Amino acid sequence: MSSAADALLAPAGAHRQGIGLSALYLLLGFCAGLPFYMFNAVLLLRLARHNIDIVTIGYFAWVALLPTFKFAWAPLLDAFDAPGFHRFWGKRRGWIMLSQLGIFVSMAAMGLTSSDASLPVTALFATLLAFWTTTLEVAADAWRIELAPTREQQGPIVAANLWGYRSAMVAAGSGAIYIAAKVDWTWAYLIIALAAFIPFPILALTRRDPNGAGERGAALGSGLIGGTIILAVSTAITAAIGWILLWLAAAAGISSKTNVTPVVLVICLLPFIALALWLPRIKAMPPDAPARRSTAIGPYVDVFWRYGFIVLPVLAFVAIYRMGDVMALTLSHPLFNALGYGLVQISMADGAVALLSSMAGVALGAWMAARWPLGWSLAIGAAMSAVSNWVFAWLAHQQPGGPLLFTLGYGGWSLPVTAGDLDLYIAMAVDQFGHGFAGAIFVVYLSMLVNPRYPGPQYAFLSGFAFLLPRLLAGASGAIQQQIGYAGFFWMAGAMSLASIVLLPIVVKARARPDDRPASPS
């Protein structure tokens with residue numbers, strides 16, 4: 001383990017360090033999972049309840065595109081320290097704490113504008129929430145790969161991280177929806193914002209970084225002041241960019257009925273196409289080539305240099321492995337709403353049902369990724385993912401209500417479960433188990449592709465690229481659903497999950513060539 005782990009968890013043996021790191025990443029996963037559902041599935045359900053048309057709701061799925069471009073600012077998190085916080089807590093924890101501050105403010109703003117009277121304002125704060133959530137993930141992923149560089153070490157930490165992440169998604173989904181059902185959407189967002197901020201004071205009490213020089217109180221105060229300034233500036237810049245984009249769209253005659261997916265797809269793929277065309281030259285670059293030494297693009301050039309031409313099928317595999325899951329997540333909650341399920345039933349499905357099944361899937365997937373050949377693990381994960389999407393095609397033919405089967409209750413609380421409700425809970429259990437299983441295996445696979453010299457930027461690049469195509473297509477999911485219906489949409493999503501298996505025989509043979517530069521001082 002690294003000195004960072006020693007400083008945080010000492011005095012401790014290897015076993016206790018492993019438990020401590022798992023607990024830490026359970027906490028960090030929880031912190032990242034809460035906001036993700038709030039700008040994704042919960043927001044899409046909120047818009048549906050406010051009678052926003054399905055095509056516009058599909059466009060809001062493009063807010064989740066922002067995390068796919070985290071490679072654009074990931075090198076900055078390696079090159080610079082978080083103002084103030086780094087003086088005591090160091091680079092990684094400093095950025096995590098600043099990100100938590102941004103998450104809290106952005107989510108609270110989403111709560112205070114929860115009427116969705118102005119969709120541009122809703123989009124602004126959802127985008128900011130996505131940005132700060134992604135920044136937290138970049139810092140946490142880099143730290144995870146530094147602290148646990150082998151596949152055997154990654155398995156338990158990835159499992160703990162995803163347990164926290166999926167537990168938080170359940171808490172955000174079921175909790176926020178239940179609160180909205182009993183009170184309103186404003187309180188739902190404010191309460192989840194407070195819950196997402198809980199890890200901040202816990203991290204503030206952790207040990208000084210080995211390279212830290214400042215005092216805890218002074219670092220906290222300067223971090224809060226610097227963070228407030230950064231939040232204000234980032235909000236102003238995002239609002240200005242959004243206003244310009246909306247003005248350009250209006251000037252071009254683009255409306256909610258315009259199919260802009262092909263244009264967005266081409267624009268988003270341009271940097272990756274450029275790297276692929278540049279690949280023959282990248283392979284021949286010497287260690288001192290400016291492109292390989294660049295802080296901005298060096299980590300990404302290194303991916304292509306280490307893997308050569310086999311990086312192209314690897315990236316194709318990465319791009320489509322989780323495609324079906326992302327598509328299914330986009331319209332699953334609008335499906336529940338269209339079928340007529342109430343917010344209480346949806347919150348139950350997103351709650352205990354999703355939590356238990358997803359944790360079981362994550363545990364089994366992480367265990368398999370650590371012990372089985374990775375090719376077999378990835379293939380089984382793709383098959384499980386397909387089944388988890390097809391179950392919603394079955395649900396699309398079911399109806400709420402029906403005969404009362406039993407009543408769940410505790411104290412003064414009770415929940416009657418009808419035959420239609422049970423259909424929803426079964427579908428969600430299958431869905432969450434499959435997604436958790438495939439997700440754990442995929443995280444370990446991506447982590448093993450990363451050069452330890454660039455853990456943050458390269459994991460950001462690979463995990464961002466993994467969701468680029470799926471989230472681009474997710475923006476058109478509403479238009480697709482109008483053409484083929486909900487059942488056809490989820491049959492299509494399951495087929496997308498299976499498609500990646502075709503590339504597995506090539507992908508499992510990918511081997512990185514050794515780095516030809518001196519070891520990184522870190």
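Draft legend 1. Representation of the pattern of salt bridges within the structure. Counted by the stated rule, this structure contains four salt bridges. In this structure, the salt-bridge partner of Arg 46 is Asp 116, at a minimum N-O distance of 2.6 Å. Placement of Arg 46 in helix H3 (residues 41-49) and of Asp 116 in the loop between helix H6 (86-112) and helix H7 (119-147) is noted, with a sequence separation of 70 residues between them. The burial state of Arg 46 is the same as that of Asp 116; both residues are buried.

Draft legend 2. Representation of the packing of H6 against H7 within the structure. The contact between H6 and H7 brings their axes to 8 Å, and the two run at 160°. As judged from the angle between their axes, H6 and H7 are roughly antiparallel. Viewed along their axes, H6 and H7 form a crossing whose handedness is left-handed. Considered class by class, the residues forming the contact of H6 with H7 number 17 nonpolar, six polar and three charged.

Draft legend 3. The packing of aromatic side chains, seen in detail. Applying the stated rule across the entire model yields 19 aromatic pairs. Taking 5.9 Å as the distance between ring centres and 75° as the angle between the ring planes, the aromatic pair formed by Phe 85 and Phe 200 counts as edge-to-face. Taken together, the residues Phe 85 in the loop between helix H5 (74-79) and H6 and Phe 200 in helix H10 (residues 199-204) connect sequence positions 115 residues apart. Residues Phe 85 and Phe 200 agree in their burial class; the two are buried. Taking 5.6 Å as the distance between ring centres and 40° as the angle between the ring planes, the aromatic pair formed by Trp 390 and Trp 491 counts as tilted. Remark: Trp 491 occurs in helix H23 (residues 477-499) and Trp 390 occurs in helix H19 (residues 374-395); sequence separation between them is 101 residues. Grouped by ring-pair contacts, the aromatic residues Phe 85, Phe 88, Trp 89, Phe 104, Phe 197 and Phe 200 constitute a single cluster. When the ring centre of Tyr 189 is taken as origin, the NZ or CZ atom of Arg 46, which lies over that ring, is 4.8 Å away. For Arg 292, the ring lying beneath its charged end belongs to Trp 305, and the centroid distance is 3.9 Å.

Draft legend 4. Spatial organisation of the nonpolar core. Counting residues in hydrophobic clusters, the biggest one holds 171 residues, and the most contacted among them are Tyr 445 and Phe 461. Apart from residues lying up to four places away in sequence, Phe 461 is in contact with Phe 71, Phe 272, Leu 275, Tyr 300, Val 303, Phe 304 and Leu 315.

Draft legend 5. Examining the side chain of Asp 325 more closely. Relative to the helices and strands, Asp 325 is located in helix H17 (residues 323-339). Those residues in contact with Asp 325 that sit more than four places away from it in its chain are Ser 385, Ser 388, Asn 389, His 435 and Ser 497.

Draft legend 6. Spatial organisation of the environment of Leu 473. Of note, Leu 473 is situated in helix H22 (residues 468-474). Owing to a relative accessible area of 28%, Leu 473 belongs among the partly exposed residues under this scheme. The spacing of Leu 473 and Ser 118 is 355 residues in sequence and 25 Å in space, taken between C-alpha atoms. With sequence-adjacent residues up to four places away left out, Leu 473 is seen in contact with Met 323, Met 327 and Met 496.

Draft legend 7. Up close: the packing of H19 against H23. Their axes nearest at 7 Å, the elements H19 and H23 cross at an angle of 180°. In terms of orientation, H19 and H23 fall into the roughly antiparallel class. Here H19 contributes Ala 382, Ala 383, Ser 385, Ala 386, Asn 389, Trp 390, Phe 392 and Ala 393 to the contact with H23, which in turn contributes Ala 487, Phe 490, Trp 491, Ala 493, Gly 494, Ala 495, Ser 497 and Leu 498. Looking at the contact of H19 with H23, its residues break down into twelve nonpolar, four polar and no charged.

Definitions and cut-offs
Residues numbered from 1 in each chain as written. Predicted model: local features only at pLDDT ≥ 70, side-chain atom pairs only at ≥ 80, totals over all residues. Heavy atoms only, no water. Salt bridge = Lys/Arg side-chain N within 4 Å of Asp/Glu carboxyl O. Helix = DSSP H or I, 4+ residues; strand = E, 2+ residues; numbered from the N terminus. Buried < 20%, exposed > 50% of the residue type's maximum accessible area, 1.4 Å probe, protein only. Axes fitted to C-alpha atoms, helices over the stretch in contact; angles between N-to-C directions. Parallel < 35°, antiparallel > 145°, perpendicular 65-115°, else oblique. Left-handed = near helix turned anticlockwise from the far one by under 90°. Nonpolar A, V, L, I, M, F, W, Y, C, P; charged D, E, K, R; others polar. Phe/Tyr/Trp six-rings, centres within 6.5 Å; stacked < 30°, edge-to-face > 60°. Lys NZ or Arg CZ within 6 Å of the ring centre and 35° of its normal. Core = buried A, V, L, I, M, F, W, Y, C linked by side-chain atoms within 4.5 Å. Contact = heavy atoms within 4.5 Å.

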